[in-house]
Every structure is written in C-alpha cells, then in structure tokens.
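# Fold and geometry: a report
Okay, here's what each chain looks like letter by letter:
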Amino acid sequence: MSVTARLRDGMRRGVLSFPLTSFHADGTLDLDGFRTYLAGRLDAAPGAVFPACGTGEFFSLDEDEYRQVVRVAVEVAAGRMPVVAGTGYGWAQAARFARIAEEAGADAALVLPHYLVDAPQDGLVGQLAELAARTRLPLIAYQRGQVTFDADSVRRIARIPGVIGLKDGHSDLDRLQRLTLAAPDGFLFFNGAATAEIQARAYATVGVPAYSSAVHAFAPEIADAFFAALHGGDDAGVEKLLRDFYVPLVELRDRVPGYSVSLVKAAARLRGCPVGPVRAPLTDPSDAHLGELENLLDTGLALVGAAR
C-alpha cells in the first residue's frame, strides 16, 4: 500500500498525532524519555505520527538530535502507522533534514513554513519543487504563517512528483474550499489549526474531515473521545467537550505566545510523562497558569471517564 493510501486510511480511523520531544531539565535531549512517552501515544492507535514537527520543537533540534528522534519514532511505530517527519527552513536545509529522515526510515515529510521572508506564489511552488527533487520521501506542504497557497499554486504543487497533500493552519474556509476544489482527486488535506478540534466541524463542511490533535500529545483519551463523538454524530458530546474543555484550553493558550507548545508539554508533565521543559525561545507556563491547566485537565479527563 502506498504512503498516500496508508495516510488516507489512517485519517479515516483516528486523529493525527504530533508528539512532543523529551528534554532533560538541563535542556539536553532525553531519548529514553521520548521512547517511553511516544509508546504511550502510539498505543492509542492514531492515524499517523508526525515526530519533530511544530509540537515536537523541530526549530530547536540540531541535525543529530533530529536523526535520533525520527529513528526512535520509526522504531516505536514499528509499521503500525505512517511516520511523517518534520522538515523545514529553506529548501537546501530542508533537503538535509529530509535525507536524514529518509535514512532513519520515515515514510514521508511535512514541509514546515520557511524562515522569515514572505514569498510570491512562484517562490512557494519553487521551494517545494526544489525539495521534492532532492528527496524520495513523499511531501506534505504546510500552509501557515507567511505561507499561503492560492488555487492555481495547489494545482501546480499537486503536479510535482512526490507532493501528496496539504496541511492547513490558516482556517480561512473560503480559501480552503477553493483549494480543495482545485486539487486533483486523491490529494490529501487535513486541518492543522493550533487546536484543530475547535474547528473540526467547520473544516469537514469544506471536505477536510481529517485533523491533527495537540491534545493527543497529553490526553489521547480526550482526543479519541472527541473524534468518536464527531464521527459518530454525537453533537451533544462534541459540544460538551468543546464548551467545557477545548474552548477554555484555547483561551488559556492564547494568553502567552508559544503556549500552543508549552501548555501541551506542561499538561503531559502533569500526567507523569517524561517530556521535560521546553527549549528557548519558548517558556514554560507560570505557576498560576499551571494551576488553571491542572483543573482543566481534570475536567477534560472526567468528561470522558478517564483518570489522571
């Protein structure tokens, strides 16, 4: 079965998991902690696993650390689901990371937004073309920040050999509908908003039901319960989880830049996961925010009948 077919199948069956990267208290890579933590996430059978991406602090890893993280992810996944490693920066550096991911056994790569500069559509397409020419890994583009594709560009990137899909982080549903209509049959799309469950129903209305879940990184029980309610037509269950857990989580997340990763890592630590602190430029949550997060985590777990 092709990587695209495996991903499509996985997207129907469960959320897409974006695991954290474990660090020791001094900021060094904790590979044993990562292996233990990741095994717990993958036991929940996500549709695919995306190591060393945004939630996994790709931007803070050097090439050797990246190699180790991807290799462990491939070992722990053991063929149960596709492993899609993050890659990024300019195409030359992205190609270096992609080669490392390929050597480590990854199935595909998620192309994170490039660094710093705005670029025209021709440049965005050219970036993917340059990278695709230098790796055998299938590529999923990620539009977020300064990267925004128009409909014609989606047609063009879909014709680049090896480019198989698009992750959307803009949540502009008018634009996204145009993109899905422009893309050829079989091109993959998924919802990559910071807390994707908030907008999961809206994304589904434009033909993008699959989504990544940051919550799966610390509470797969909650993420899986939401997925089951959403796909089972349990509107009351969806709205209860949104109202009492997801919306308050987003409101807390939005108070401090970087909390889309820092809060996730803090919540995982509250559950005893060996993930350690975030690396600068991110900062760990304040004690006051940790208290709010702890209460919110207890509420979410109680809603789905799980224990901390």
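Our structure is the block above this text.
Presented here is an overview of the structure given in this document. In this text the structure is predicted, and so the values were computed from the model without any measurement. (Residues numbered from 1 in each chain as written. Predicted model: local features only at pLDDT ≥ 70, side-chain atom pairs only at ≥ 80, totals over all residues. Heavy atoms only, no water.)

### Here's the deal with the nonpolar core
- Judged by nonpolar contacts, the single largest core of 106 residues is most densely connected at Phe50 and Phe218.
- Apart from residues lying up to four places away in sequence, Phe50 is in contact with Leu16, Ser17, Phe18, Pro19, Val84, Leu110, Ile140 and Phe190. (Core = buried A, V, L, I, M, F, W, Y, C linked by side-chain atoms within 4.5 Å. Buried < 20%, exposed > 50% of the residue type's maximum accessible area, 1.4 Å probe, protein only. Contact = heavy atoms within 4.5 Å.)

### Overview of the pairing of strand 3 (residues 84–87)
- Every second residue of strand 3 is oriented toward a common face, with Val84 and Gly86 on one face and Ala85 and Thr87 on the other, all of them buried.
- The pairing of strand 3 with strand 4 (residues 108–111) spans 4 bridges and is classified as parallel. Directly across from Ala85, in strand 4, lies its bridge partner Ala109.
- Chirality of the crossover, the property in question, places the unit of strand 3, helix 4 (residues 91–104) and strand 4 among those that are right-handed. (Helix = DSSP H or I, 4+ residues; strand = E, 2+ residues; numbered from the N terminus. Pairing = 2+ DSSP bridges. Right-handed = clockwise from strand over helix to strand, strands pointing away.)

### Quick notes on the pairing of strand 4
- Here strand 4 shows no split at all, with Ala108 and Leu110 on one side and Ala109 and Val111 on the other all buried.
- Across 3 bridges, strand 4 lies against strand 5 (residues 139–143) in parallel orientation. Considered in strand 5, the bridge of Val111 is made with Ala141.
- Running through helix 5 (residues 121–132), the crossover from strand 4 to the neighbouring parallel element strand 5 is right-handed.

### Remarks on the pattern of salt bridges
- Evaluated as defined, the whole model comprises 21 salt bridges.
- Across the salt bridge formed by Arg96 and Glu63, the nearest N and O atoms sit 2.8 Å from each other. On the criterion of sequence distance, the pair formed by Arg96 in helix 4 and Glu63 in helix 3 (residues 63–77) is long-range, its members being 33 residues apart.
- Taking relative accessible area as the criterion, Glu63 reaches 23% and is therefore assigned partly exposed.
- As a salt-bridge pair, Asp244 and Lys240 come within 2.7 Å of each other at their nearest N and O atoms. Of the two residues, Asp244 and Lys240 both sit in helix 10 (residues 235–253), 4 residues apart, roughly one turn of that helix. (Salt bridge = Lys/Arg side-chain N within 4 Å of Asp/Glu carboxyl O.)

### Considering the sheet that holds strand 2 (residues 48–49)
- The strand order across the open sheet built from 3 strands is 2-1-8, with neighbouring strands paired in parallel fashion. Two strands bound the open sheet, and with one partner strand each, they are strand 2 and strand 8 (212–213).
- As judged from the 2 bridges shared by strand 1 (residues 16–17) and strand 2, these two strands associate in the parallel manner. Bridge assignment links Ser17 to a residue of strand 2, and that residue is Val49.

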